[in-house]
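In case you want the letters, here they are:
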Amino acid sequence: MPPAGEEHDDAGLDLARSIARGMAGTRRTTKKKYPARPGSRPARSDPKASGAHPDDRDPQLLDSTIGRLIADQGWATDVRVHGVFTRWEHLVGAEVAQHCTPEGFDDGKLVVRTDSTAWATEMKLLAPTVLRRLNQELGDGTVRIIDVTGPRLPHWKKGRLSVRDGRGPRDTYG
């Protein structure tokens, strides 16, 4: 087909191509000299059908198809990092994994949430070891920094009895 905006010339190569395309999908109407054997397959006339050798139109294995999708989209690093999230206990140990969980990964920065401030301090001390182990698993330089955050604490800024700019419940517990 000619590009948009150009005139179509029926007298040249375009005409020959369009005739060839039109003839490719049609069956011959002349009678064959010899009749077909019973149970034999008719001649293939579909130019889009797969041949004897494998190509992209054949059924593909799910593993190779997903691998190609991940590579095309540029998700390889993210998939590997999130694979580490599932093996977190194996990488850091059962005791640390009970108290520290990975929450996110973005641009070389792994965010790890702890369930107490004591474990946040412990994780900050373990960070160089964990960083080295992660880079052994994922490839050198994949994780550049581990950002350790403490537990999510409740806030008391809601409700009808809250006080603006108040100190909060400092000495109401314990």
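In this text the structure is predicted, and so the values were computed from the model without any measurement. (Residues numbered from 1 in each chain as written. Predicted model: local features only at pLDDT ≥ 70, side-chain atom pairs only at ≥ 80, totals over all residues. Heavy atoms only, no water.)

### A look at the sheet that holds strand β1 (residues 100-106)
Pairing is mixed in the open sheet, where three strands are placed in the order β1-β2-β3. Edge positions in the open sheet fall to β1 and β3 (145-149), since each of these has one partner strand only. Along the sheet, successive strands turn relative to each other by an average axial angle of 25°, direction set aside. Inspection of the sheet shows strand β2 (residues 109-114) paired to β3 by five bridges, in the parallel sense. By the bridge assignment for β3, V112 is matched with V148. Strand contacts of helix α3 (residues 76-86): β1 and β2, with the helix running at about 175° to β1, the strand carrying the most contacts. (Pairing = 2+ DSSP bridges. Helix = DSSP H or I, 4+ residues; strand = E, 2+ residues; numbered from the N terminus. Axes fitted to C-alpha atoms, helices over the stretch in contact; angles between N-to-C directions. Contact = heavy atoms within 4.5 Å.)

### Regarding α3
When we look at burial in α3, the residues that qualify are V81, V84 and F85. Here the buried residues of α3 occupy an arc of 110° about the axis, which is enough to place them on one side. On its buried face, α3 sits against α4 (88-92), β1, β2 and α6 (117-138). (Buried < 20%, exposed > 50% of the residue type's maximum accessible area, 1.4 Å probe, protein only. Arc of directions from axis to C-beta.)

### Quick word on the side chain of T142
Along the chain, T142 falls in the loop between α6 and β3. For T142, a relative accessible area of 12% puts it in the buried group. Among the polar contacts made by the side chain of T142, one reaches the main-chain carbonyl oxygen of L138 at a distance of 3.4 Å. One polar contact links the side chain of T142 to the main-chain carbonyl oxygen of G139, over a distance of 2.8 Å. (Polar contact = N/O pair within 3.5 Å; in protein donor to acceptor, adjacent residues only side chain to side chain.)

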